[in-house]
Amino acid sequence: MSDFFNPGPHANSTDPGGHKANHDVNEQKLHKEGPQGLWRQISDLLIAVGVIALIIVVIMWIV
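Residues numbered from 1 in each chain as written. Predicted model: local features only at pLDDT ≥ 70, side-chain atom pairs only at ≥ 80, totals over all residues. Heavy atoms only, no water.

Undergrad: What am I meant to see in the overall build of the chain here?
TA: Scanning the chain from terminus to terminus reveals 2 helices and 0 strands. A burial count over the chain gives 0% of its 63 residues as buried. For the chain, the exposed area adds up to about 6,300 Å²; of that, 67% sits on carbon and sulfur atoms. (Helix = DSSP H or I, 4+ residues; strand = E, 2+ residues; numbered from the N terminus. Buried < 20%, exposed > 50% of the residue type's maximum accessible area, 1.4 Å probe, protein only. Areas by Shrake-Rupley, 256 points an atom, 1.4 Å probe, with all protein chains shown as cover.)

Shown next, in the form of structure tokens:
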């Protein structure tokens, strides 16, 4: 994981071939899956709320 003091391997990449390959992979992923939109964010939010609700129910059942 990169941070401010250790920017990681992508900080000073001077390899134009590597940059183009990364761009091509990201472009193919975008064409295949589409952009992350509102519906994906809503579904992620509903999943998170469901997991939190399940944890609360289990804790209330135990106590």
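Undergrad: Sorry if this is basic, but what is going on with the pattern of salt bridges here?
TA: On inspection of all chains with the given rule, the structure shows 1 salt bridge. As a salt-bridge pair, Asp24 and Lys20 come within 3.2 Å of each other at their nearest N and O atoms. In this pair, Asp24 and Lys20 are both assigned in helix α1 (residues 16–33), 4 residues apart and thus about one turn of the helix distant. Note on Asp24: relative accessible area 26%, which makes it partly exposed. (Salt bridge = Lys/Arg side-chain N within 4 Å of Asp/Glu carboxyl O.)

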